Structure formats: structure tokens, C-alpha cells
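Coordinate analysis (summary)
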Amino acid sequence: MQWPGSYCDTRQSCCYPETGKPDEDFGIHGLWPNYNDGTYPSSCDRSNSFDESKISDLLSRLEKDWPTLACPSGDGIKFWGHEWSKHGTCSESLLDQYSYFQKALDLKAKANLLQALQTAGIRPADGKYHSLESIKEAIEQALGVTTIFIDCNVDTRGNHQIYQVYLCVDTSASNFIECPVLPHGRPCGNKIEFPSFSSDSNHDEL
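Description of the structure in this document.

Rules of the game
Residues numbered from 1 in each chain as written. Predicted model: local features only at pLDDT ≥ 70, side-chain atom pairs only at ≥ 80, totals over all residues. Heavy atoms only, no water. Pairing = 2+ DSSP bridges. Helix = DSSP H or I, 4+ residues; strand = E, 2+ residues; numbered from the N terminus. Axes fitted to C-alpha atoms, helices over the stretch in contact; angles between N-to-C directions. Salt bridge = Lys/Arg side-chain N within 4 Å of Asp/Glu carboxyl O. Buried < 20%, exposed > 50% of the residue type's maximum accessible area, 1.4 Å probe, protein only. Expected span 1.5 Å × (residues − 1). Arc of directions from axis to C-beta.

1. Quick notes on the sheet that holds strand 3 (residues 160-166)
- With respect to topology, four strands assemble into an open sheet ordered 1-6-3-2, the strand pairing being mixed. One side of each edge strand has no neighbouring strand; the edge strands of this open sheet are strand 1 (129-131) and strand 2 (149-154). Direction aside, neighbouring strands of the sheet carry axes that sit 55° apart on average.
- By the bridge criterion, six bridges tie strand 2 to strand 3 in an arrangement that is antiparallel.

2. As for the pattern of salt bridges
- Counted under the stated rule, the structure contains seven salt bridges.
- Residue R61 pairs with D106 through a salt bridge whose shortest N-O separation is 2.9 Å. Separated by 45 residues along the polypeptide, R61 in helix 2 (residues 59-65) and D106 in helix 4 (residues 97-111) bring together distant segments of the chain.
- For R61, a relative accessible area of 29% corresponds to the partly exposed category.
- For K64, the salt bridge goes to D65, with nearest N and O atoms at 3.6 Å.
- Linked through salt bridges whose partners overlap, the residues forming this network are D23, D25, K64, D65 and K108.

3. Comments concerning helix 4
- Compared with the 21 Å implied by 1.5 Å per residue over 15 residues, the 22 Å span of helix 4 between its first and last C-alpha is a close match.
- Where helix 4 is concerned, the buried positions are Q97, Y100, F101, A104, L105, L107, K108 and A111. An end-on view of helix 4 places all buried positions within 155° of arc, on one side of the element.

Take a look at the structure:
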């Protein structure tokens, strides 16, 4: 899951989706089948293309919880189609297209990272810095696991920002589990912020 304000502070900047500015909450980046050694398959079935009509009743949830922040502004279809083609097709023996997106949405709701942090007294987008350990402890305690990975972004002023939180789930994509191998990502400093959406000219506010 991804913190939107940090995505907007990366070099690629961001554009709000056509549906408007997303909530100040974690958004889904993807649900990716992995092997236990940390490698992963991709683009497993080019014949099983993304079909928006199969997930029509999930679109409002996808717009809210799995928004696209890529430029130019989009409706999310291209983003979700990419995730299905590259990653979802590698789980099609267990999850059809509808189940793949439904499971990802349900996992976000189950994790409820924003609530987990707030319960621990960590208020994202409050302009304050928080320690990496306090963030990890709050999430791990809420999820009942002790292996999560936090990826950070460094903004133009050198501030470390929480960027993505990697969580591992079982093969059925129903329950959080201990990660067999943690992914490689950008390290975090001791003081981390959760930036709000900034209002610079790189943002396409609708």
C-alpha cells in the first residue's frame, strides 16, 4: 500500500485522478503473487486480458481505495489493467479477475493502516516526524505479524517520507502472514513524515 502524498513528492510527481483528489489515506499499489525466495512471476497469461465489465460493481471501491496518481490524469482503468495483466494473471488458478480485485480491496480494509497508526497515536499528515520503529510496531501489532517492510521516499528537502508498506498474505489472499523474504527497497531514516498533498504546479487538481 502506498501513501499518496509521498508519491506526489517523487520525481515523477502526480496528477489527481479524473474522479478528484483521493482521500488522505493509504491506497493500494498492487497485489502481487510471489515465490518464497522473493522472486515473482509476471505477465503469465497474455490471452486473459483485463475486462472492465467484469468488475463494474467494484469500480467505486477501486476509485476510492486503488486510485491512480500517474500523469496525465486518468480514470484508473489503465492502471488496474496493468496490474491485472502483469500480476493478476499469475494468480488466475486461484483468483479470477473479479476475485483478484475484490481480495485486494478486502485486504486494504482488513489492514486499515490509517486506523492502526491513529490508535498508536501516530497521525499521518499532521506535519510531524515519527520514528520508523513506532510506525512498524503500530502496524505489526494491529495485523498480528512481525515482518512488514516500509519503503521510503526522500523529498527535495531531504526529508524521509513513508512511501509504501509491503504486507505478505497467504496464497488465497485472505490472511496476513509473516513474509518469507522481505523485499528490497529504499531505506528509511529515523525520522519519517507522512506528507499531505502539496499544492505545487505539478499537481492536476480537478
